[in-house]
Amino acid sequence: MNEKALRELLEAHSQTHLMRWWDELDAPAREELARRIGEIDWSETSLHAEDGARGEISPIAGLSIDEIEKRKEEFYAVGRDAIRAGKAAAVLLAGGQGTRLGSDAPKGVYDIGVTRHLYIFEQLIRNLTEVTDACGATIPLLIMTSEKNDEETRAFFEEHGCFGYPREDIYFFRQAMAPCVGLDGKLLLEDKGRLALSPNGNGGWYASLERAGLVEKMDARGVEWYNVFAVDNVLQRICDPVFLGATIVSGAASGAKVVRKNDPHERVGVLCLEDGLPGVIEYYELSEEMANLRGADGQLVYSFGVILNYLFRADVLKRISRERLPLHAAKKKIPYLAPDGVFVQPETENGYKFETLILDMVRFAETCLPFEVVREREFAPIKNRTGTDSVDTARELLKKNGVEL
Ligand code: UTP
């Protein structure tokens, strides 16, 4: 885009301040800035993109631990056969910034070992390898990174020989970035020729996979199911044959691993039906009455807490990819270059990051099987350095599950 077109575009969106230092930039820097501005999806940077009102909420039927236990062998056999037939792929979401953990490095390189090294990525690879070994099969592992951590993540895997996972079965792909906006609606600059950008949320995983040409590759490998999961749950069962088999048998287009809520007010998103379609409702969106509602069995009715481990059928994802997921705006502290040219690390929230979320994809899948798992065996998220969902709590849970630290 030439300078004139760029100015016109920015004027149309009231963002001409982005060219404040244009005259100081050399040709490559101008080109890069123009390219980035040209890539902006303006509908994704609007402050009007706040979360919408919810529809009518009702409970969703799922498989309880007891029911799963009774049919475990049947489900396992179906899942194992699908894995052996090359129908399953694993998608590791590792594009987040992990700000709560307070490390600049990719979250997966965090060392949770005590007397020896045990990296988060390493533990996840072990969990996946348990399944490939048991099934005697290979599973492609697709790892989503962001511009901010891509190089470091790839280098880390290379340096550690992919922790023994077959190199040819690992595929890295980068997620897209979204521009950050100040509280006044003006896009923020990180440097004189650089927009302040942040990863566009885990909802963008499939679009990014497609853009990287990996959907075609997975189609060629015969993949029919994607198991998508977060980097931070070190007890994560990946491509769990029982979960896969149960979802296939149920006929649902997607599945979600869930844990029973500890108490009515636990801060976890809950799987339910919204206007008859599956969806995840946040804890603060549940009314007091709904949060406390109990069924005839004494269990909380809205108690299926999602743990970010989903299965999606490949053909359904192709349809979902044409839908626009809702955009969530999160108020954050965003470092930026002030108009006087001084770089500022704000101490209070000064702008918004925009994200789409994977939990919104479940709605577009139209059917979803909630699959209950034992929390202490499958859920040890590392979000914070200490306290709840931290390195400390995850270590305890790993030890309880026989993992040597
Ligand atoms: P979180 O919501 O915990 O975000 O991500 P985060 O960025 O890792 O951590 P905080 O909030 O900054 O502390 C849940 C999962 O989604 C991935 C993360 O890597 C994690 O596996 N994710 C999140 C992405 O892959 N891309 C994103 O843009 C955001």
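Structure: see above.
Residues numbered from 1 in each chain as written. Predicted model: local features only at pLDDT ≥ 70, side-chain atom pairs only at ≥ 80, totals over all residues. Heavy atoms only, no water.

## Some words on the overall build of the protein chain
Part 1: When its secondary structure is counted, the protein chain shows 14 helices and 19 strands.
Part 2: The C-alpha atoms of the protein chain give 22 Å as radius of gyration, which agrees with the globular expectation for 405 residues (22 Å, within 12%).
Part 3: Counting only C-alpha atoms, the protein chain reaches 70 × 50 × 45 Å along its principal axes.
Part 4: For the protein chain, the proportion of contacts with a sequence separation of at least 24, taken over those separated by at least 6, is 77%.
Part 5: When the accessible area of the protein chain is evaluated, it comes to approximately 18,700 Å², of which 47% is carbon and sulfur surface.
Part 6: With 50 positive and 66 negative side-chain charges, the protein chain shows a separation of 1 Å between the mean positions of the two kinds. (Helix = DSSP H or I, 4+ residues; strand = E, 2+ residues; numbered from the N terminus. Rg over C-alpha atoms; globule rule 2.2 N^0.38 Å. Contact = heavy atoms within 4.5 Å. Areas by Shrake-Rupley, 256 points an atom, 1.4 Å probe, with all protein chains shown as cover. Lys, Arg positive; Asp, Glu negative; His and termini not counted. Charge placed at Lys NZ, Arg CZ, Asp CG, Glu CD.)

## Some details on the site of the ligand
Part 1: Surveying the vicinity of the ligand reveals 18 residues, the closest of which are L93, T99, R100, Q175 and K383.
Part 2: Note that an oxygen atom of the ligand is positioned 2.9 Å from one of the backbone N or O atoms of Q97.
Part 3: The separation between an oxygen atom of the ligand and a polar side-chain atom of K383 is 2.7 Å.
Part 4: Protein burial of the ligand: of its 560 Å² of free accessible surface, 87% is covered by the chains.
Part 5: A class-by-class count of the residues in the shell around the ligand yields seven nonpolar, eight polar and three charged. (Near = heavy atom within 4 Å. Polar contact = N/O pair within 3.5 Å; in protein donor to acceptor, adjacent residues only side chain to side chain. Nonpolar A, V, L, I, M, F, W, Y, C, P; charged D, E, K, R; others polar.)

## Considerations on the layout of surface pockets
Part 1: The computed volume of the second largest pocket comes to approximately 810 Å³.
Part 2: Mapped by element, the contributors of at least two residues to the lining of the second largest pocket are α2 (27-39), β5 (177-179), α7 (205-211), α11 (314-320) and β18 (351-355).
Part 3: Of all the elements, α7 adds the most residues to the lining of the second largest pocket, at four residues.
Part 4: When its residues are assigned to classes, the lining of the second largest pocket shows 16 nonpolar, eight polar and 11 charged. (1 Å grid on protein atoms, 1.4 Å probe; cavity = no way out; pocket = protein on both sides within 12 Å on 5 of 7 lines; lining within 4 Å. Points joined across faces, edges and corners; volume = space filled by probe spheres on them.)

## Thoughts on the pairing of strand β2 (residues 88-93)
Part 1: Judged by how many residues are buried, β2 sits mostly within the fold: six of six residues are covered.
Part 2: Residues A88, A90 and L92 point to one face of β2 and A89, V91 and L93 to the other, with burial holding for every one of them.
Part 3: Relative to strand β10 (residues 225-230), β2 runs parallel, the two being bridged by six bridges. Residue pairing across strands places A88 opposite W225, the latter belonging to β10.
Part 4: You can see the chain leave β2, run along helix α5 (residues 120-135) and come back into strand β3 (residues 141-145), and the turn it takes is right-handed. (Buried < 20%, exposed > 50% of the residue type's maximum accessible area, 1.4 Å probe, protein only. Pairing = 2+ DSSP bridges. Right-handed = clockwise from strand over helix to strand, strands pointing away.)

## Regarding the environment of E355
Part 1: One can find E355 in strand β18.
Part 2: Separated by 27 residues in the primary sequence, E355 and H328 place their C-alpha atoms 5.2 Å from one another.
Part 3: In this view, E355 contacts P199, N200, G201, P326, L327 and H328; residues no more than four positions away in its chain are not counted.

## Quick look at the side chain of E372
Part 1: Note that E372 resides in strand β19 (residues 368-372).
Part 2: Among the polar contacts listed, one links the side chain of E372 to the backbone nitrogen of I65, at a separation of 3.2 Å.
Part 3: In this structure E372 touches L63, S64, I65, I68, V258 and R260, once residues within four positions along its chain are discounted.

## Topic: the sheet that holds strand β15 (residues 328-332)
Part 1: One open sheet holds the three strands; their spatial order is β6-β18-β15, and the pairing between them is antiparallel. The open sheet is flanked by β6 (181-182) and β15, the only strands paired with a single partner.

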